[in-house]
Every structure is written in structure tokens, then in C-alpha cells.
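Each chain, written out:
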Amino acid sequence: MNIRRTARAAYESFWHYFGFVYFGAVGALYGIVASVLHLILPARLRAPLGRRLIGFLFRGFLRMMTASGVVKLDLSALDVLRGQPGLVIAPNHPCLLDAVFVIAHVPEVSCIMKAEIWDNVVLGGGARLAGYIRNDSTNSMVRASAQELRDGRPLLVFPEGTRTRRGPVNQFKGGFALIAKVARAPIQTVFIETDSPFLGKGWPLLKKPRFPLVYRARLGKRLTVDGDLKAFIHQLEVYYRDELSGHAAQRPSPVLHSSSSPPRPGRVSPTKLLDASGRLDHLPRTQVVSGTHLVLIPSYNTGEKVVETVRDARSHWNPVWVVVDGSTDGTAEQLREMATRDAGLRVFTLPRNQGKGAAVLHGLREAVAQGYTHALTMDADGQHPAARIPEFMAASEHAPEALILGKPVFDASAPRVRVIGRRVSNGWANLETLWAGIGDSLFGFRVYPIRPLLAVMEVRRWMRRFDFDVEAVVRLVWRGLPPINLPAPVRYFRPEEGGVSHFNYVRDNLLLSWMHARLFTEFLLRLPWLAWRRACKASYDESETIQEGAFEIQRSGDTATHQQKL
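Residues numbered from 1 in each chain as written. Predicted model: local features only at pLDDT ≥ 70, side-chain atom pairs only at ≥ 80, totals over all residues. Heavy atoms only, no water.

Visitor: Is there a simple way to think about the overall build of the protein in this case?
Guide: Of the regular secondary structure elements, the protein holds 17 helices and 15 strands. Out of the 566 residues belonging to the protein, those deemed buried represent 53%. When contacts within the protein are restricted to residue pairs at least 6 apart in sequence, those whose partners lie at least 24 apart make up 80%. Of the roughly 24800 Å² that the protein leaves accessible, carbon and sulfur atoms contribute 57%. (Helix = DSSP H or I, 4+ residues; strand = E, 2+ residues; numbered from the N terminus. Buried < 20%, exposed > 50% of the residue type's maximum accessible area, 1.4 Å probe, protein only. Contact = heavy atoms within 4.5 Å. Areas by Shrake-Rupley, 256 points an atom, 1.4 Å probe, with all protein chains shown as cover.)

Rendered as C-alpha cells:
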């Protein structure tokens, strides 16, 4: 045991100090290269190229540290913010890594840097090339930041101004609200939670923390600045304190003007960030009654599992619709009886089995007639995680034009042949979309914009059975819908546990092969257009980092004074 502990301590120490060396060496080298590029490149190319290069370098750094096992991250909520223009991203600031996390998932974001770092010959090279904003003059900083937002680029600002000294947050500065008001831009609240004080205020830089380091990010309300700045800042600070201390459920929310109100994120204790599998825990959120997003469950002879699935889905979302696809196991009657006692549940019954895609199509037609815009599909056999419904719906509300795709996280119950076999379909789907970012083509736990999906399905007689999930995502990506992948655990039930599978290895594999043959033929015809669109699209890599940005505007009357000057 002592040998194992010693070996583990040595392993952790290596990665701890190697991370600093790698970070520093690559940062210094890139700073020199960036300084040269800043001198020779035309102005219009500097910022996009600089941010892409920084993203490329730090993507490797973050992946390396995560792969080592000394860092565990659950930052998928931040992916929703990518590509959203003119947005002030305002996270709390527990440590130096916070900017890394946000920029890693929103690489096009603009940032504010200390002037002394920006002017440094080596360290400032990357900041100058990327077009980050100096903080030495308040008026010029606010003007430059507001212009970034007006030009359609998001802006990262820490409302605390500096790292948190004493939790849950410091007293808020006024700069972020002033910038948002001048630019008339919404503020996206972001909560970063961790179980470690590593690289927080006062942490000795080279002091080794307790590993693994655990970090999680979640999205809060999206707000607009209206009325008195000082009152808004105070109310927002109260909101952050409540969310991060876990008291939001015990006291009323401050009166803030929300431009978009996603489901209220669940809070998590730093000591319970990891579940038994080692993945970061997602606690259930307060249920949402939605007039735009519904849960759609196609069902065929799944027995009692469909009843369990529907109850679980209803505990996390309202409304839930079930399309019983010609089932002969008596579940249609059970579900209809449930619906008489639950206004949030609606059941449709098809007279004969037509296939998963046909059942989904029936539900989509009814949904669009009722004014719904998005549908989350999930299987009726209990394999999909109903607890993740609010997270996926929130992602869709933040990016309504996107496909929110579940990326399965398999446990020991998953049949190995199924796990390996789906890689073939995923490979074909990624080829057919020129690697547009489809994490998993077969996983049916996903949110679709309804009208584009109907437009694809109504003109074709395919996509009615097991081929639905793959062909739907490929064709929607062809139409320009961006995919956003969120992890979701999968559980396979044994027959004695009530598990049901209608997958036929011969029939359904032949169906998938025929589908990919059709898609690949059409892909070859579309290839020039797909390649041209891909080349024209701004391709920003994930991840990058900056030094800590801080505002010097005080919460006193300075904000009003600066606003008058502007």
C-alpha cells in the first residue's frame, strides 16, 4: 500500500509541475511567434488567426491534463454559448483556470487583459494578435468592449473583477453591467463550481493540491440591464450568492429582467460533484412547463419499462407525449389511463406497427400543429437518462437552431458488439457530413428543431424505422443545422430486469447499410457544396487561455459618471 501511495504521489507531482512547465514554455514560445505575426499580418486577419492558434495550442494542454486523470471536467453546458453573437459571458471567478474553461468552449470570445500583460514583449504577443482589450483606460475599454459586442462577438467578463477572496463571490464591480448597457447586450450568468482552492486567491503558485481536481460549469439566467445600474448589480450579486451557496431554493429570486429564461440549473455541493462512475454528477432541476419544447417517446412492446420511462420523464419535464406504435402488450391502455390523471401527459396510438421513424413523424405533425418548435426524442425502454432532459432542453433554448445530440457514456452493461458496431455507422455519418461534429449518429436521445426535421421527412419515404436516427442527423447537418454534443449515460437492461430490444442484427444492419449507400451516393453529389461551405465557415478550435482580466470601476457613483461620458 505504501508503494502504491508513493507511486501515486509521484505521478500526481509529475503532472502538476509538468503542466506548469508545458504551459509556460508553450506560452512564451507562442508569444514570440505571435508578436512577429502581429507585425506582418493585415489587421483583418490578426484576431481570427490569433484566437484560432491559441485555441489549437491550449486544446492540447487541456486534453493532456484531462487524460492524465488529475483533472475531471464537466463543462459541456458552456458548449451552448459557442456561436452566439453579442453576448456578455459573466462567470464567477474561483480560480485562474476559469478563463481557460470558458474560452476553451467559446473560442471566438473577446477578453479584457491587464495593460501590463498586454504590453509585455513575450506574454503580450498572443493577446495583441488575438485582439484582446486593454484595461488601462476605463472609457476606451468600455467603448472597445461594446464595439466587440456590436460586431457580433461574445465578451468574457468577470463581475467580481478579480478572483474570489472569500466565498461564494466578491463584491461585484460595475464594468460588466456598464458595457452590457452601452452595447445593449444580454448578460449570460455562468456558475463555476469546484471542490478545490487550487489557484484561487492567495494560493501559492507551485503548491501541489489534492487530486483529482474537479470542476463543473452550469448556466443560469440570461439577463438584460434595465434601469438603475447600481440596483441591477446588487440584485445580480445576490443571485450569484444564492446560487453558489445553495440558498436559492429557500429565498425569492431577485427581480431581474430576463431576456431568455432557461430552466433553473440545479445546485451541486463541491463534495458531491463526482458520481459512483467518476463522472460529474448532474442533479435534477426544477420542472419546467414549456410551450415550445416537448418530450416525444415512441414505444413498441416495451412492457412495464415504458411506464417507468414515462413517469421518470414526467418528473423532469412537462409536457411528455407518447406515440404507441401498434403495441400488443397492453401498455397503450396503461398509458391512456395515466394520461387521464396527468394533464402533462398525452398518448397517441397507431393501429399497427410502422417503425420508430413513423411514430416520431406522427408526433411531430401533431406537435407543430399545437405550436411546439422543438422535440426531445427518447427511447421507451429505460436506456436513456430522463434526468438529463432539463439540461438538453436548456441547451436547445440557448441554441434553438442547433441539434442537441446525446453522446452515449456506456457502462459495463453495454454489449460490446453494440458498442463496437456503432463505430462503423458513426464513421460513415461523419464522412458523409465532412466531419461536421456528429458525436454519435445512432443515439436517439436528442433535441430536434421540429420544422427542419419535418421538411426532411415529409419528402422521403425512408427514415421510418431503425434508419431514422442516423439519416435524420446527417440530412439536418446537410441543411446547415450545427450539432452540439452533450454526454448522456446509457444503461442496458437484462431480460430478467425487464430489458427489451427489437434490434435485429440481420434486418437492421442491412437497413443501415442500404441507408448509408444512399447517403454516400448523395454525399458525392453534394461534395462540392459541402466542401465550399466547410471552407467558408469560421473553424475555431476549442480551448485557449488568458491571464486574469480585472475592472477598476468601483460600485460607487463611478458607473453613472462613466455612462455620462460615453
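So that's the structure; there's more coming.
Visitor: What is the right way to look at the pairing of strand β9 (residues 293-299) in this model?
Guide: For a regular strand, side-chain orientation follows a simple rule: the groups alternate between the two sheet faces. A large share of β9 lies buried, amounting to seven of its seven residues. Burial of the side chains of β9 extends over both faces: H293, V295, I297 and S299 are buried on one face and L294, L296 and P298 on the other. Summarising the sheet, β9 and strand β12 (residues 374-377) pair through four bridges and their orientation is parallel. Across the sheet, the residue bridging to L296 is T377, located in β12. Bridge count for β9 against strand β10 (residues 320-325) is five bridges, and the pairing is parallel. Counterpart to P298 in the pairing with β10 is V323. This β-α-β element, β9 to helix α9 (residues 304-314) to β10, shows right-handed connectivity. (Pairing = 2+ DSSP bridges. Right-handed = clockwise from strand over helix to strand, strands pointing away.)

Visitor: How should the sheet that holds strand β15 (residues 483-490) be read in this particular structure?
Guide: Note on sheets: strands pair through backbone hydrogen bonds, and any given pair is parallel or antiparallel. If you walk across this open sheet you meet the seven strands as β11-β10-β9-β12-β14-β13-β15, and the pairing is mixed. The open sheet terminates on both sides in strands that have one partner only, identified here as β11 (345-350) and β15. Each adjacent strand pair in this sheet contributes to an overall mean axis angle of 25°, direction not counted. Relative to strand β14 (residues 446-449), strand β13 (residues 403-410) runs antiparallel, the two being bridged by two bridges. If you follow L405 over to β14, its bridge partner there is R446. Contacts from α9 reach β9, β10 and β11, with the element oriented near 175° to β9. Its contacts with the sheet place helix α10 (residues 331-341) against β10 and β11, and it is angled at close to 150° to β11. (Axes fitted to C-alpha atoms, helices over the stretch in contact; angles between N-to-C directions.)

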